Amino acid sequence: MSAQLIDGKKIAAQIHAETAQKVRQLKARGIEPCIVFMRIGDDPASRAYVGMKDRKAHELGIKTDTLIFPEGTTQETLLTAIRAANADRDVHGILVQAPIPGIPQDSVFGTISPDKDVDGFHPVNFGKLLLGDKTGFRPCTPAGVQELLIRSGIPTKGANVVVLGRGNIVGKPMAAILCQKDADADATVTIVHSRSRNIPAIVRQADIIIAAMGFAEYVRADMVKSGAVVMDVGVNRIEDPNSPKGYKLVGDVAFDEVREIAGHLTPNPGGVGPMTIAMLMANTVSAAEKQAR
Ligand code: GUN
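Residues numbered from 1 in each chain as written. Predicted model: local features only at pLDDT ≥ 70, side-chain atom pairs only at ≥ 80, totals over all residues. Heavy atoms only, no water.

## Some thoughts on the sheet that holds strand β5 (residues 160–164)
Taken in spatial order, the 6 strands of this open sheet run β1-β11-β8-β7-β5-β6, and their pairing is parallel. Edge positions in the sheet fall to β1 (4–5) and β6 (188–192), since each of these pairs with one other strand and no more. Note: strand β7 (residues 208–211) against strand β8 (residues 229–232), 4 bridges, orientation parallel. Within β8, the residue paired with I210 across the bridge is M231. Against the sheet, helix α6 (residues 140–151) touches β7 and β8, its axis set at about 145° to β8. (Pairing = 2+ DSSP bridges. Helix = DSSP H or I, 4+ residues; strand = E, 2+ residues; numbered from the N terminus. Contact = heavy atoms within 4.5 Å. Axes fitted to C-alpha atoms, helices over the stretch in contact; angles between N-to-C directions.)

## Considering the environment of R29
Among the structural elements, R29 can be located in the loop between α1 (8–28) and β2 (34–40). The exposure class of R29 is exposed, given its relative accessible area of 53%. Taking the C-alpha atoms as reference points, R29 and A292, 263 residues apart in sequence, are found 9.5 Å from one another. (Buried < 20%, exposed > 50% of the residue type's maximum accessible area, 1.4 Å probe, protein only.)

## What to know about the site of the ligand
The environment of the ligand is made up of L95, V96, Q97, A98, D119, F121 and I169. Separating a nitrogen atom of the ligand from a backbone N or O atom of A98 is a distance of 3.0 Å. Between D119 and the ligand, the recorded distance is 2.6 Å, taken from a side-chain N or O atom to a nitrogen atom. The fraction of the free accessible surface of the ligand (280 Å²) that becomes covered by protein chains is 84%. Partitioned by chemical class, the residues of the shell around the ligand number 5 nonpolar, 1 polar and 1 charged. (Near = heavy atom within 4 Å. Polar contact = N/O pair within 3.5 Å; in protein donor to acceptor, adjacent residues only side chain to side chain. Areas by Shrake-Rupley, 256 points an atom, 1.4 Å probe, with all protein chains shown as cover. Nonpolar A, V, L, I, M, F, W, Y, C, P; charged D, E, K, R; others polar.)

## Examining the pairing of β5
Most of β5 is tucked away: 4 of the 5 residues are buried. For β5 and β7, the ladder comprises 4 bridges, and the chain directions are parallel. Opposite V162, over in β7, you have I209 as the bridge partner.

## Focus on the packing of aromatic side chains
When we look at a pair of aromatic rings, we describe it by the centre distance and by the angle of the planes. For the structure shown, the criterion picks out 2 aromatic pairs. Taking 4.9 Å as the distance between ring centres and 55° as the angle between the ring planes, the aromatic pair formed by F109 and F121 counts as tilted. On the criterion of sequence distance, the pair formed by F109 in helix α4 (residues 105–111) and F121 in the loop between α4 and α5 (123–131) is long-range, its members being 12 residues apart. Measuring from centroid to centroid gives 6.2 Å for F215 and Y218, while their planes differ by 40°, and the two rings are tilted. Taking relative accessible area as the criterion, Y218 reaches 29% and is therefore assigned partly exposed. A cation sits over an aromatic face here: R237 above Y247, 3.9 Å from the ring centre. (Phe/Tyr/Trp six-rings, centres within 6.5 Å; stacked < 30°, edge-to-face > 60°. Lys NZ or Arg CZ within 6 Å of the ring centre and 35° of its normal.)

## Structural notes on the sheet that holds β2
Read from one edge of the open sheet, 3 strands run β3-β2-β4, paired in parallel fashion. Since the sheet does not close on itself, it has two edges, and those belong to β3 (63–69) and β4 (93–96), each with one partner. For this sheet the average axis-to-axis angle between neighbouring strands, irrespective of direction, equals 15°. Examined bridge by bridge, β2 and β4 share 4 bridges and lie parallel to one another. Looking at β4, one finds that F37 is bridged to L95. Against the sheet, helix α2 (residues 44–60) touches β2, β3 and β4, its axis set at about 170° to β2.

## Digging into the pattern of salt bridges
Summed over all chains, the structure comprises 9 salt bridges. Between R83 and E76 there is a salt bridge, with the nearest N and O atoms lying 3.2 Å from each other. Each of the salt bridges in this network shares a partner with another, and the network as a whole consists of E18, E147 and R151. (Salt bridge = Lys/Arg side-chain N within 4 Å of Asp/Glu carboxyl O.)

## Considering α6
Spanning 12 residues, α6 covers 16 Å between terminal C-alpha atoms, matching the ideal 16 Å at 1.5 Å per step. Within α6, 10 of the 12 residues are buried, which leaves it mostly tucked inside the rest of the structure. Turning to α6, its buried residues number three or more, namely C140, T141, P142, A143, G144, V145, Q146, E147, L148 and L149. If you follow the buried residues of α6, they end up packed against α1, α7 (171–178), β7, β8 and α10 (273–292). Phi turns positive, to about 70°, at G153, one or two residues after α6. (Expected span 1.5 Å × (residues − 1).)

Fair warning: the whole summary comes from geometry, so function is off the table for now.
This is the structure:
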């Protein structure tokens, strides 16, 4: 039997339609939702991600501004730009694309006003997430994974969830979301990481596997319980002599073989990826709504 694929593009499109409706309502009240993107250096992936976020915002009627800083930009220059955007009443959301070369990430995320932190990385928003306080913003990729589970009718209550990876952008907030006392969470969550022992044996216990550690095709068929739900967050470049670029992108899951074992599986691309942008746009509109009050 072959896994049912979770269509992230289709679910993201539903969320975008809901967001576009909220944008129209805000505009009818004279409020134009606006997000500022900041990007440092010339990392091709960062450029591509910010470009995609910018295009989608425009499609939805959200105003954008993109500030591009050269590599070598000082911390003070970047923080000054963030403070200016914090103070600008016409700006509702601020996103500084990571990685941020040469500048401590904590100082950057900690300077963004929590009310404009549509990435959900400010310590206040991270703390609210841990405390189960829903008034903050939640990081977009893990929030998107939860939304995929909800909209695919996959229950998490009491489920064994194994999150692979403990990063601040996905792994940690993912675990924090799914362990909450909440009808859409209520899971038994285990995090495994590079220093964990017996990873395959732990992953085999999972009803839901969330792979976010950034190792190409790490999750193999023999690590997956029959019928498990497998969510692939990874984006990894591997050499591919058959591609004109010399590389191809693969997830953290060995798709072809896991597909034969899993019950549900996200394709990659077209699974979790589109959800990150969908949640970012939803957070931006929510920020504009809150700031209008
Ligand atoms: N880099 C990788 N993922 C993200 C994200 O969700 N937000 C930001 N700002 N940077 C990232």
